[in-house]
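Now for the letters of each chain:
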Amino acid sequence: MVVIGNKEYFKGIGEIKFEGRESDNPLAYKFYDPEQLVAGKTMRDHFRFSMAYWHTLCGTGGDPFGPSTKEFPWATSNDPMVAAREKADAAFEFITKMGLDYYCFHDYDLVDEAGSLAESEKRVFKTVDYLKEKMKVSGVKLLWGTANLFSNPRYMNGAASNPNFDVVAHAGAQLKIALDATMELNGENYVFWGGREGYMSLLNTNMKLEQDNIGRFMRMARDYARGQGFKGTFFIEPKPMEPSKHQYDFDAATSIKFIREQELAGDFKLNIEVNHATLAQHTFQHELQVAANSGMLGSIDANRGDYQNGWDTDQFPNNVMETAEAMLVFLKSDGLQGGGINFDAKTRRNSTDLEDIFIAHIGGADTFARGLMVADSVINNSNYEKLLGKRYASFTSGKGLDFVRGKLSLTDLYDVAKLGGEPKQISGKQELFENIINQYV
Ligand code: XUL
Ligand code: CO
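Every chain begins its residue count from 1, and numbering advances along the sequence as written. The lettering of chains begins at A and the numbering of ligands begins at 1, in the order of writing. Only residues with pLDDT of 70 or above have their local features reported here, since the model is predicted, and side-chain atom pairs are shown and tallied only from 80 upward, although totals for entire chains, interfaces and linings are computed over all residues. Only heavy atoms go into the side-chain values, all of them from the structure, while hydrogens and water stay out.

Undergrad: Explain the packing of helix α8 (residues 252-261) against helix α10 (residues 284-293) to me, using residue names and the numbers behind them.
TA: Helix packing geometry: the angle between the two helix axes and the distance between the axes. At a closest axis distance of 9 Å, the pairing of α8 and α10 adopts a crossing angle of 25°. By the angle between their axes, α8 is roughly parallel relative to α10. The crossing of α8 and α10 is right-handed. Along its contact with α8, which presents A252, A253 and I256, the element α10 presents E287, V290 and A291. Inter-axis angles, ranging from 0 to 180 degrees, are taken between N-to-C directions of lines fitted to C-alpha atoms, where helices are fitted over the stretch in contact. In this description a helix means any DSSP run of H or I spanning at least four residues, a strand means any run of E spanning at least two, and both kinds are numbered starting from the N terminus. Reported orientations rely on four angle classes, namely roughly parallel under 35 degrees, roughly antiparallel over 145, roughly perpendicular from 65 to 115, and oblique for the rest. Throughout, a crossing is termed right-handed when the near helix is turned clockwise from the far one, and left-handed when it is turned anticlockwise from it by less than a right angle. Contact definition: two residues touch when any of their heavy atoms are within 4.5 Å.

Undergrad: Can you tell me about the site of ligand 1, naming the residues and giving the values?
TA: Nearness is defined per residue: one heavy atom within 4 Å of the molecule or strand is enough. Taken together, W54, H106, W144, W193, E237, K239, E273, H276, D301, D312 and D344 make up all the residues around ligand 1. Under this definition, polar contacts are N or O atom pairs within 3.5 Å; protein pairs additionally need one hydrogen-donor-capable and one acceptor-capable atom, and for neighbouring residues in sequence, both atoms have to be side-chain atoms. Here an oxygen atom of ligand 1 and a side-chain polar atom of K239 are 3.1 Å apart. In the complex, 93% of the free accessible area of ligand 1, which totals 300 Å², lies under the protein chains. Each residue gets one of three labels, nonpolar for Ala, Val, Leu, Ile, Met, Phe, Trp, Tyr, Cys and Pro, charged for Asp, Glu, Lys and Arg, and polar for the others, Gly among them. Residue composition of the shell around ligand 1, grouped by class: three nonpolar, two polar and six charged. Surface exposure here means Shrake-Rupley accessible area, sampled with a 1.4 Å probe, where a residue is shielded only by the protein chains that are shown.

Undergrad: Run through the coordination of the cobalt ion (ligand 2), naming residues and quoting values.
TA: Coordinating N, O and S atoms are those within 2.8 Å of the metal (3.2 Å for Na, K and Ca), and as water is not part of the atoms, a site may appear to have fewer donors than expected. Only E237 (OE), E273 (OE), D301 (OD) and D344 (OD) from the protein coordinate the cobalt ion (ligand 2), and they sit 2.0 to 2.1 Å from it. One way to put it: the six donor atoms around the cobalt ion (ligand 2) meet at angles of 81 to 172°, and that makes the site octahedral. Sequence positions of the donors to the cobalt ion (ligand 2) reduce to the motif E-x35-E-x27-D-x42-D. In this pair, E237 is assigned in the loop between β10 (233-236) and β11 (246-247) and D301 in strand β13 (residues 297-302), connecting sequence segments 64 residues apart. Per-residue accessibility, obtained with a 1.4 Å probe over protein chains only, is compared with the maximum for each type, and a residue is labelled buried under 20%, exposed over 50%, and partly exposed between these values. Judged by its relative accessible area of 4%, E237 falls in the buried class. The geometry test gives tetrahedral to four donors whose angles all lie between 85 and 135 degrees, gives square planar to four donors and octahedral to six donors whose opposite members are over 155 degrees apart with all other angles between 65 and 115, and gives irregular to the rest.

Undergrad: Please give an account of the sheet that holds strand β12 (residues 268-273) that cites residues and values.
TA: Here eight strands make up a closed barrel; going around it, the order is β5-β6-β7-β8-β10-β12-β13-β14 and the pairing parallel. Strand-to-strand twist in this sheet, taken as the mean axis angle between neighbours without regard to direction, amounts to 30°. Pairing of strand β8 (residues 189-192) with β10, which is carried by four bridges, proceeds in the parallel orientation. Pairing of F192 across the sheet is with I236, part of β10. Against the sheet, α8 makes contact with β10 and β12, and its axis sits at roughly 165° relative to β12, the strand it touches most. Pairing between strands requires that DSSP locate at least two bridges from one strand to the other.

Undergrad: Give a detailed account of the packing of aromatic side chains, specifying residues and quantitative values.
TA: What counts as a ring pair is set by centres within 6.5 Å for rings of Phe, Tyr and Trp (its six-membered ring), and what kind of pair is set by the plane angle: stacked under 30 degrees, edge-to-face over 60, tilted for all other angles. Considering all chains together, one arrives at 28 aromatic pairs under this definition. Centre to centre, the rings of Y53 and Y103 are 6.1 Å apart; their planes meet at 45°, and the pair counts as tilted. With Y53 in helix α2 (residues 53-58) and Y103 in strand β6 (residues 102-106), this residue pair connects regions lying 50 residues apart in the sequence. Judged by its relative accessible area of 0%, Y53 is buried. Cluster of aromatic residues (ring-pair linked, three or more members): Y29, Y32, F47, F49, F316, F330, F343 and F368.

Undergrad: Which residues make up the packing of helix α12 (residues 354-381) against helix α16 (residues 430-440), and what are the values?
TA: At a closest axis distance of 9 Å, the pairing of α12 and α16 adopts a crossing angle of 120°. Classified by the angle between their axes, α12 and α16 sit oblique to one another. As α12 runs across α16, the sense of the crossing is right-handed. Residues V374, S377, V378 and N381 of α12 form the contact with α16, whose own contacting residues are I436, I437 and Y440.

Encoded structure:
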C-alpha cells in the first residue's frame with residue numbers, strides 16, 4: 001500500500017508497475033514482475049528487495065572533492081526530530097511507490113546523533129515509534145538494522161577493535177541501542193560492517209588483541225539479543241579496505257574463518273556486497289559461492305563497482321552477465337538464508353532529479369530479474385548442468401567414487417596411477433560454458 005505522509009515528496013510519480021520489456025516508460029519495471037514464478041517461487045520471494053536508508057535518504061552527493069549536489073526536500077528542518085519524521089515519510093513514500101518489501105538502516109541514518117548517548121537514545125526510540133506506525137500501515141518490513149560505528153571521529157581508531165577500552169564500551173552502548181531498535185521493529189537480521197575495524201599501519205597495531213576483542217564484542221551482541229528473544233541472523237559484511245587500509249573482514253573466506261574461530265557459527269552468516277567483492281579482487285559469484293559452500297550465504301548488498309576505479313563506487317546494478325552468473329550460484333544454493341537483496345547503491349553525484357532515485361532502483365531490480373531468469377533457463381533448458389557433471393564424472397564410479405567416500409589411502413593412489421599410466425588430456429571447455437550463458441542472456 002502506498003503511504004504518503006503530510007507532504008508528498010515524489011510528486012508526479014505513482015506506483016511503479018511491471019509493464020514488460022516493450023514498455024518505454026522509464027518509471028516502470030521491464031523485467032521485475034513481483035508475482036512471476038521462477039524456479040517455483042515468485043520473484044518477490046526470491047529477492048526480498050530492500051531500500052538502504054543511508055544512500056537513498058541521506059546521500060546528497062558530497063565527495064572528497066566537493067560538497068553536496070542534491071537538496072532533498074525532506075532534509076530542510078533544523079529540528080532533528082522533525083527532520084527524522086520527514087525523512088521517514090519520504091522513505092515510506094519511496095518504498096511503497098516502488099513496491100519494495102523491506103528497508104535497512106544504520107542507527108544514525110534514522111535521526112542525527114545528539115551530543116550525549118542518552119539524548120541520542122531518546123531520539124532513536126522516538127523515531128522507532130514513528131517507523132512502527134508506518135510499517136503497520138504499509139506492511140513494509142525491516143530486513144536488518146546496524147549501528148554506524150565508523151563515522152563519528154571517536155571511532156577513528158576503530159570501534160570494537162579500538163586500542164582504548166572507553167571507546168569499545170561506547171561502541172557497545174551504541175550497539176545495544178541499535179539492537180534494541182532493530183528488535184523493536186521486528187528486524188529480521190542484524191549486520192556488522194566494520195569499516196574501521198582494521199588498521200592503517202600494522203606498526204602501531206596489536207592485531208591479535210583487536211581481532212579477539214571484535215569476537216568478544218560480537219558474542220556479547222549475540223548473547224544479549226538472544227536473551228531478549230531475537231530469532232534473526234547476524235551477518236558480517238566483508239570488505240577488504242576503505243576506509244581502513246586493511247579491514248579484518250577482508251572477504252568471505254576470511255570472515256568465515258573468523259566466525260568459526262570466534263565461536264559465532266550458527267548465529268552468524270555473511271552479507272555479500274558486489275562492490276566489496278570487486279575490491280577484494282574477487283568476482284561477486286566467487287564470494288557467493290564461498291559463502292554458500294559453508295552454509296553462510298545470508299544476504300546480499302546489491303550494487304556494482306567500476307572496473308577502471310579502485311574504490312567503492314556503489315553504483316546501481318546493471319551488469320546482466322555478472323548478475324546472471326551470480327544468480328546461478330544463488331539458485332543452486334537455494335537462495336539466501338534469512339536475508340534479502342538490499343540496494344546498497346547511490347545515484348551518481350550529477351544525477352540530481354528526484355526521479356533518478358526511482359529510475360536507479362528500477363534498473364537494479366530489472367537487472368536481478370533478468371539475471372534470475374537467465375540462470376533459471378541455463379539450469380533447466382541448456383546442457384550446462386550435464387556438461388558440469390561430465391567434468392567430474394570420474395568421481396561418480398570406480399576408484400574415483402572410492403576416493404570421494406574416503407576409502408582410499410595414498411598407496412592406493414600410487415597403485416591406481418602406476419597401473420593407469422599417463423592420464424589422458426581432457427579439455428576444460430571454458431569457452432563452451434561461457435557461450436551457454438551468452439546464449440540465454
Ligand atoms: C560500506 C557498506 C555499509 C554497510 C552497512 O561499504 O557497504 O553501508 O552495508 O554498514
Ligand atoms: Co553494504
